[in-house]
Amino acid sequence: MVLSAARQHLLGGIRLGACGQHLLGGSRPGAWGQNLLRGIGSVYTAAKGFQEKEIREKLQAFPGGSIDLVKQESGIAVLTVNNPARMNAFSGSMMVELEERVSQLEEWTEGKGLIIQGAAGTFCSGSDLNAVRAISNPQDGMKMCTFMQNALTRLLRLPLLSVALVEGNALGGGAELTTACDFRLMAPGGVIQFVHKHMGLVPGWGGAARLVRIVGGQNALKMLGGALKIDPEMGLQIGLADRVLEGSLAGSGANALLEAEQWLGCYTAGPAPVIRAIKSVVVSGRELPLEVALGTERDVFGTVWGGPANLQALATKAKHK
């Protein structure tokens, strides 16, 4: 009944789509896009007062769980949020590990895709409350927020097509994590819920800004203000979910992951330089002013024009099919 009420409430004013944004006025058109292609996508730097070492040390004081990364020969990596004793909530050390895994993926030049999942059949329940209570003062909270905004922005800007595989619950910071992926696949019974209001908070890891760009401002207000539970059907209707997994395959984590890999493989088929270039021009179009995005697209085009994939296509294909 709760999900049904939420569905009716949201569908009363569905507004799909996303809006572009900001960044780097005065930069040479295309220069920022070339940085993206090399995996440089930070929001905060030392020049903006971002003291990464200090923040990392603070977070490392709260250990538990792990962020596991497996790179596959297919060019699709699997990142697992692994803390099942706490419904895969992020400890402080897991936040640091996430940033480290993003750094590894930035250097993975053969990569084309990324699937993010939770261990033991649930996605992620946000932050470990033990760590949250220990750093409840505003100063430490802001440091954690800054660190996670940077990590998740870099994650979204990776030159990989990324998918959040949502089994079970994606709550709070877990819901924010889903928005740092290009796509979201939901298993039957899965729920995405921004529960921040119940904790006297708002999203702080960039989830609200990204949510607006995915489902629109009105739906985002309803989801945040009502702490609505979004099930797979509702997710599809408002554009938050890209697919609901088949019930026949979604009975276990292994089968759900296999289906996610098959779905993503439809979009990552082909040479890595081309797939990575596609992601880069989309990121620049999504985030940069038009003039800068056009320059970036031109520069990225120059990295694949006359390249091995382009020359092979010209030699073997008489026409497009």
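Reading the values: the criteria
- Residues numbered from 1 in each chain as written.
- Predicted model: local features only at pLDDT ≥ 70, side-chain atom pairs only at ≥ 80, totals over all residues.
- Heavy atoms only, no water.
- UniProt positions renumbered as here; feature names shortened; annotations may be inferred.
- Pairing = 2+ DSSP bridges.
- Helix = DSSP H or I, 4+ residues; strand = E, 2+ residues; numbered from the N terminus.
- Buried < 20%, exposed > 50% of the residue type's maximum accessible area, 1.4 Å probe, protein only.
- Contact = heavy atoms within 4.5 Å.
- Expected span 1.5 Å × (residues − 1).
- Core = buried A, V, L, I, M, F, W, Y, C linked by side-chain atoms within 4.5 Å.
- Phe/Tyr/Trp six-rings, centres within 6.5 Å; stacked < 30°, edge-to-face > 60°.

- For the protein chain, an unreviewed UniProt entry supplies the name Ethylmalonyl-CoA decarboxylase and the organism Oncorhynchus mykiss.
- Annotation of the protein chain in UniProt includes, under Subcellular location (unreviewed entry), the sentence "Cytoplasm, Cytosol".
- Its UniProt record gives the protein chain a comment under Function (unreviewed entry), which states: "Decarboxylates ethylmalonyl-CoA, a potentially toxic metabolite, to form butyryl-CoA, suggesting it might be involved in metabolite proofreading. Acts preferentially on (S)-ethylmalonyl-CoA but also has some activity on the (R)-isomer. Also has methylmalonyl-CoA decarboxylase activity at lower level."

1. Considerations on the sheet that holds strand S8 (residues 229–230)
- Across the sheet, three strands lie side by side as S5-S7-S8; this open sheet has mixed pairing. Two strands lie at the open edges of the sheet, namely strand S5 (169–171) and S8, each paired on one side alone.
- Sheet analysis places S5 next to strand S7 (residues 191–193), joined by three bridges and oriented parallel. In the strand pairing of S7, Leu-171 is matched with Gln-193.

2. A short note on the environment of Val-300
- Following the sequence through the fold, Val-300 ends up in helix H13 (residues 290–304).
- Taking the relative accessible area as the measure of exposure, Val-300 reaches 2% and is therefore buried.
- A C-alpha to C-alpha distance of 9.7 Å links Val-300 and Val-274, two positions 26 residues apart in sequence.

3. Here we look at the environment of Ala-272
- Relative to the helices and strands, Ala-272 resides in helix H12 (residues 272–287).
- Sequence spacing of Ala-272 and Leu-160 is 112 residues, and the spatial spacing of their C-alpha atoms is 9.1 Å.
- Ignoring sequence-local partners within four residues, the contact set of Ala-272 consists of Thr-109, Glu-110, Gly-111 and Lys-112.

4. Here we look at helix H6 (residues 138–156)
- The end-to-end C-alpha distance of H6, which contains 19 residues, comes to 26 Å, matching closely the 27 Å that a straight helix rising 1.5 Å per residue would cover.
- Of all 19 residues in H6, 14 are buried, a share of seventy percent or more.

5. Re the nonpolar core
- Core analysis: the biggest nonpolar cluster contains 50 residues, and Val-81, Phe-90, Leu-114, Ile-116, Leu-155 and Leu-240 have the highest contact counts within it.
- Counting residues per element, this core draws most heavily on helix H4 (residues 92–106), at six residues.
- Residues within four places of Leu-155 in sequence aside, it is in contact with Val-102, Leu-114, Ile-116, Leu-177 and Ala-180.

6. Brief notes about the packing of aromatic side chains
- Here the structure, examined in full by the defined rule, presents six aromatic pairs.
- With a centroid separation of 6.1 Å and an interplanar angle of 25°, the aromatic rings of Phe-183 and Tyr-267 are classed as stacked. You can see Phe-183 sitting in strand S6 (residues 183–186) and its partner Tyr-267 sitting in helix H11 (residues 253–268), a full 84 residues away along the chain.
- Every member of this aromatic cluster is reached through a ring pair, and the members are Phe-183, Trp-263 and Tyr-267.

7. Digging into the pairing of strand S4 (residues 161–166)
- Counting buried positions along S4 yields six of six residues, so the element is predominantly enclosed.
- Neither face of S4 is left uncovered, since the one carrying Leu-161, Val-163 and Leu-165 and the one carrying Ser-162, Ala-164 and Val-166 both have all their residues buried.
- Strand direction decides the pairing type here: strand S3 (residues 113–118) and S4, joined by four bridges, are parallel. Paired with Ile-115 across the two strands is Val-163, which belongs to S4.
- Bridge count for S4 against S6 is four bridges, and the pairing is parallel. Paired with Val-163 across the two strands is Phe-183, which belongs to S6.

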